[in-house]
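# Residue-level structural notes
In case you want the letters, here they are:
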Amino acid sequence: MIPETPEYQNLIIVAAAMMIAVLATAYALWVSTRQSGVSSGWKDKCADLDQKLSRLDSVFGSYPGLILVWEERTPISDGDWGNPRIYGSPAALASIQRFAAAGKSRDLAMRILNGLADLDTIGETDRPMTLRAHLGQLRRKGESFSVSIVLPEGNVIEADGRVAGRQVVLWLEDASIRGEDERTAISRFENKRLLANEDPVAFLEMFSRAPFPIWRASPSGQLLWVNEAYVSAVGKQQSSDVINEQVQLDEQVVEEARKVLTTQQRMEVVRDLVLGGRRIATRICMFPISGGVVGIALDASENASLKSLLDRHVRAHEELLNNMDEAIVIFGSDQSMSFYNTAFASLFKLDPAWLSEPRSHGEWLDRLREKNQLPTVADYKNWKASELSLYMDWPDEVPDEIWALGDGTTLRLARMRDPDGGISLLLSDITSNVTLQSQFNTLINVQTATLDKLSEGIAVFGPDGRLKISNSAFAALWQLSDADIEEHPGFDSLIEKSLPLYHDRVFWNELKARATDPNPEVRLHVDGEIKRSDNKMLTWLSRPLPDGATLIAWDDVTSSRQAEAALIERAEALEAADRLKSEFVGHVSYQLRTPLTTISGYSDFLQSNAMGELNDKQSEYVFAIQSASEDLKKTIDDILDIAAIEANVLDLELGDVDIFDLLDQSLTYVMTKAEDTKKQLTLNCPEDVGVIRADAQRLKQVVYNLLSNALRFTKPGGEIELGARPADGGGVRIWVKDNGVGIPSDRQPQVFESFKSTRGGAGLGLALVQRFVERHGGWVELESEEGEGTHVTLYLPKEAPAEHAQPEFKFGAEA
């Protein structure tokens, strides 16, 4: 730094001015001497001026810096350095020349200014300015400055600018050579230069032949040197072409170089560049050096591909984690939350705004505690410290934990340590699993208790042939002790223990094969019955289960078989008795027809007055004989019909039956008896009720029996309704309804049984009704209430089944 006293500075300026004047005078004297041969007095004056100039040179040479002096007018622009003169000591020149830009030696002042002009300075102003900006204000406005320039190597150059009359002076001083003599400073700088030149192959060939572009630029971004790879990358032939044309890798490089010089920090960026005719991802590294910037361009396409692949894997991994039902959260080694999936936020109902801010593991635990979503612990502070201590001290084994929360939720927590020291947590909501497990255990207990209550012996064998499940009845049937089955014995062991009771080894081996052979043709649903050596009868069945196991069940049917044998004997006896009854009834009925015919014939003969006219009393007796004969004849016919139906030898004579005509004729037939007893009969049936395929004679018999019953159990003055209407499917519903005495509810189940009469009679009327209707494929329904009357409804299909028709009709139906 130059002395701060104005006297010293003015002295220097005056000395410079005097030196200039002396030089001008010397030149004039020289010219004058040549032209006119000046006198010796002028020679003495020139000698005096030379001595003064020598003394002034000594003064300039003693200043440990450089001095640049401008005499021209104000510069046109900041890049216009003009033509300054340079003064200073050799040591200062050697020092500051190190930071000069490359160029010709005769442009030393410009090179020094280009090397230093764009570096930031440190001064009294708050806003940092470059030396170029300070010089511009000094030369335009005369604003003096005193700043320090910090170079990349750590050197500091003190710069001071002043106005001296019409001249502008810049003082530059390298603080590193203060106190050194010129010889020592020059020797130190020369040694550094020689050190860089000791191995030119290492410093020139290495960078020139490097397989990646390397370049050096001035502080203004101007290219100063490039290697062969750079030349090839920009499509040129020689490095001189690149330097002359200033071919940059792209437009951003110059701006980035200036930013590096400004910040004095290394810069690395990755972007796509066109190098050698190919567009590839390139990593550009630029760093400041003395007098400029060095840049290196490296092929980052592989790294870019790997990064892209890694990014895709990371996205896929995150997407996978986000689609998982389990809650996942990842904390880094600094305990900060670095990732969480959607299930995590949903499980703990965390506010997105809370999650959007950086959160630590401890803050998350505190949040869960506030929301009562942590397991209950006696000392939360110590528990939390224990959780967080895992970052520093990870044990060899970390078992899963079960968190039972206050709201009844049960979570399973699994911890994982990543290589960087972070911790990942996986939390599963196992509330349903715990509930299902509890229910399953309850079900197993109920199942075990249920199996033990069964009288059948149950045994379940696994695919390996070992007993898995059994109940107490199984052990009792085969006389096995608790010790025999508590160790889940194999099938062979149970066979040996069961052979004394049933010694057929072939049976046991086949049963074992069904339990252990995976072949589905062997694992069939089979059952059977065996008789053991103790005369007990056992039924058994084998059923394959879905899980590969086999269930074998045993049942002691000894008592059942004995009872069954007794029932069979009884059934055979009853069948024989029923057969005898049917034969007896048929025989008796047949034998009764002959005398009945005789009686009926003679009564008709007497009623015809062929033997003379009968008086009223005689006619009454004869009519009673005729009525009784007719009733007896009908009873005999009913008995024969019942016998034929039970013997399954009664065939229907099928034909087209008009239901309205059938009911009208039946009602007319019984109308006389109704008039005699003062009972009202009505027909409730549309004429177009329909035609069905049926046996007309049997249907008349059905309707007659229903009307006869209604007449018999309806008091004089009562009402009886015969009706019909179409039914779904083309059939017809027929009913007989009366307001007679009705049938008690306890006797209603017996009304359709043969020879079961609740109020006298043979008990065949309703029995035949049901038999005939069912033979037509229909059904009968009875509703009755004692004292209110009876309502009998029957349904007949559109066509009676052909199997109950006579053979000729069956053939016709098939045709």
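Please read all numbers here as calculations on a predicted model, not as lab measurements. (Residues numbered from 1 in each chain as written. Predicted model: local features only at pLDDT ≥ 70, side-chain atom pairs only at ≥ 80, totals over all residues. Heavy atoms only, no water.)

## A few points about the overall build of the protein
Along its length, the protein carries 26 helices and 28 strands. Counting all 815 residues of the protein, 39% fall into the buried class. Contacts in the protein between residues at least 24 apart in sequence constitute 51% of all its contacts with a sequence separation of at least 6. As displayed, the protein has an accessible area near 46500 Å², and 52% of this comes from carbon and sulfur atoms. (Helix = DSSP H or I, 4+ residues; strand = E, 2+ residues; numbered from the N terminus. Buried < 20%, exposed > 50% of the residue type's maximum accessible area, 1.4 Å probe, protein only. Contact = heavy atoms within 4.5 Å. Areas by Shrake-Rupley, 256 points an atom, 1.4 Å probe, with all protein chains shown as cover.)

## Description of unusual backbone geometry
Across the chain, the bulk of peptide bonds are trans and the bulk of non-glycine residues have phi less than zero. The phi torsion at lysine 349 lies on the positive side, around 50°, for a residue other than glycine. In this fold, lysine 349 is placed in the loop between α12 (342–347) and α13 (352–355).

## Remarks on the sheet that holds strand β14 (residues 401–404)
Spatially, the five strands line up as an open sheet ordered β13-β12-β16-β15-β14, and their pairing is antiparallel. The outermost strands of the open sheet, each flanked by one partner alone, are β13 (337–340) and β14. Ignoring which end each strand starts from, the neighbouring axes of this sheet average 25° apart. Summarising the sheet, strand β15 (residues 410–417) and strand β16 (residues 423–429) pair through seven bridges and their orientation is antiparallel. Looking at β16, one finds that arginine 412 is bridged to serine 428. (Pairing = 2+ DSSP bridges. Axes fitted to C-alpha atoms, helices over the stretch in contact; angles between N-to-C directions.)

## What about helix α4 (residues 108–116)?
Among the nine residues that make up α4, seven are buried, leaving the element largely enclosed by the rest of the structure. Regarding α4, the residues found buried are Leu108, Ala109, Arg111, Ile112, Leu113, Gly115 and Leu116.

## Section: the nonpolar core
Membership of the largest hydrophobic core comes to 47 residues, with the highest contact counts inside it found for Leu116, Leu135, Leu170, Leu172 and Trp215. In terms of nonpolar packing, the next biggest core, distinct from the first, is built from 39 residues, Leu662, Leu667, Val702 and Leu794 among them. (Core = buried A, V, L, I, M, F, W, Y, C linked by side-chain atoms within 4.5 Å.)

## Some thoughts on the packing of helix α19 (residues 491–498) against helix α20 (residues 505–516)
Two numbers describe how α19 lies on α20: the axes approach to 11 Å, and their chain directions differ by 155°. Taken together, the axes of α19 and α20 are roughly antiparallel relative to one another. As α19 packs across α20, the resulting crossing turns out to be right-handed. Contact residues: α19 offers Phe491, Asp492, Ile495, Glu496 and Ser498, while α20 offers Arg505, Trp508, Leu511, Lys512 and Ala515. Split by residue class, the contact of α19 with α20 holds five nonpolar, one polar and four charged. (Parallel < 35°, antiparallel > 145°, perpendicular 65-115°, else oblique. Left-handed = near helix turned anticlockwise from the far one by under 90°. Nonpolar A, V, L, I, M, F, W, Y, C, P; charged D, E, K, R; others polar.)

## Section: the packing of aromatic side chains
Within this structure, the stated rule accounts for 18 aromatic pairs. Ring geometry for phenylalanine 507 against tryptophan 554: centres 6.3 Å apart, planes inclined by 70°, an arrangement best described as edge-to-face. Linking phenylalanine 507 in helix α20 with tryptophan 554 in strand β21 (residues 550–556), this pair joins segments that are 47 residues apart in sequence. Across this residue pair, the class does not change: phenylalanine 507 and tryptophan 554 are buried. Put simply, the rings of Trp478, Tyr502, Phe507, Trp508, Trp540 and Trp554 touch in pairs and so form one group of aromatic residues. (Phe/Tyr/Trp six-rings, centres within 6.5 Å; stacked < 30°, edge-to-face > 60°.)

## Observations concerning the side chain of glutamine 373
Its place among the elements puts glutamine 373 in the loop between α14 (361–370) and α15 (380–388). Exposure remark for glutamine 373: the relative accessible area of 9% places this residue in the buried category. If we ignore the near neighbours within four places in the chain, the residues touching glutamine 373 are Leu347, Phe348, Leu368 and Leu405.

## A word on the environment of asparagine 382
Relative to the elements of secondary structure, asparagine 382 occurs in helix α15. Within the structure, asparagine 382 has its side chain in polar contact with the side chain of aspartate 379 (distance 2.5 Å). (Polar contact = N/O pair within 3.5 Å; in protein donor to acceptor, adjacent residues only side chain to side chain.)

## Brief notes about the sheet that holds strand β6 (residues 167–174)
In spatial order, the strands read β2-β1-β6-β5-β4-β3; together these six strands make up an open sheet with antiparallel pairing. Edge positions in the sheet fall to β2 (85–88) and β3 (121–122), since each of these pairs with one other strand and no more. Sheet topology note: the strand β1 (residues 66–70)/β6 ladder contains five bridges and is antiparallel. Opposite leucine 68, over in β6, you have leucine 170 as the bridge partner. The sheet strands contacting α4 are β1, β2, β4 (145–150), β5 (156–164) and β6, and the helix crosses β1 at an angle near 105°. This element, helix α5 (residues 131–141), spans β1, β3, β4, β5 and β6 of the sheet and lies at about 165° to β4.

## Structural notes on the pairing of β13
Here strand β12 (residues 327–331) runs beside β13; their pairing, made up of three bridges, is antiparallel. The residue bridging isoleucine 330 from the neighbouring strand is phenylalanine 339, located in β13. Count of turn residues in the β12/β13 antiparallel hairpin: five residues, of which glutamine 335 carries a positive phi of about 70°.

## A word on the pattern of salt bridges
Inspection of the entire model under this criterion finds 18 salt bridges. In this structure, the salt-bridge partner of aspartate 250 is arginine 271, at a minimum N-O distance of 2.7 Å. Residue aspartate 250 is found in the loop between α9 (239–245) and α10 (252–263), and its partner arginine 271 is found in strand β9 (residues 267–275); the two are separated by 21 residues along the sequence. Classification of arginine 271 as buried rests on a relative accessible area of 14%. Close ionic contact of glutamate 564 with arginine 561 constitutes a salt bridge, the shortest N to O distance being 3.2 Å. Of this pair, glutamate 564 and arginine 561 both sit in helix α21 (residues 558–607), three residues apart, which is roughly one turn of the helix. A single network of salt bridges, built from pairs that share partners, joins Asp250, Glu256 and Arg271. (Salt bridge = Lys/Arg side-chain N within 4 Å of Asp/Glu carboxyl O.)

## What about the pairing of strand β25 (residues 719–726)?
Of the strand pairs in this sheet, strand β23 (residues 680–684) and β25 are connected by five bridges, and their pairing is parallel. Bridge assignment links threonine 682 to a residue of β25, and that residue is glutamate 721. In terms of strand pairing, β25 meets strand β26 (residues 732–738) through seven bridges, oriented antiparallel. Each bridged residue has a counterpart across the sheet, and for isoleucine 720 the counterpart in β26 is aspartate 738. With antiparallel pairing between neighbouring strands as the criterion, β25 and β26 make up a hairpin whose turn holds five residues, including glycine 729 at a positive phi of roughly 90°.

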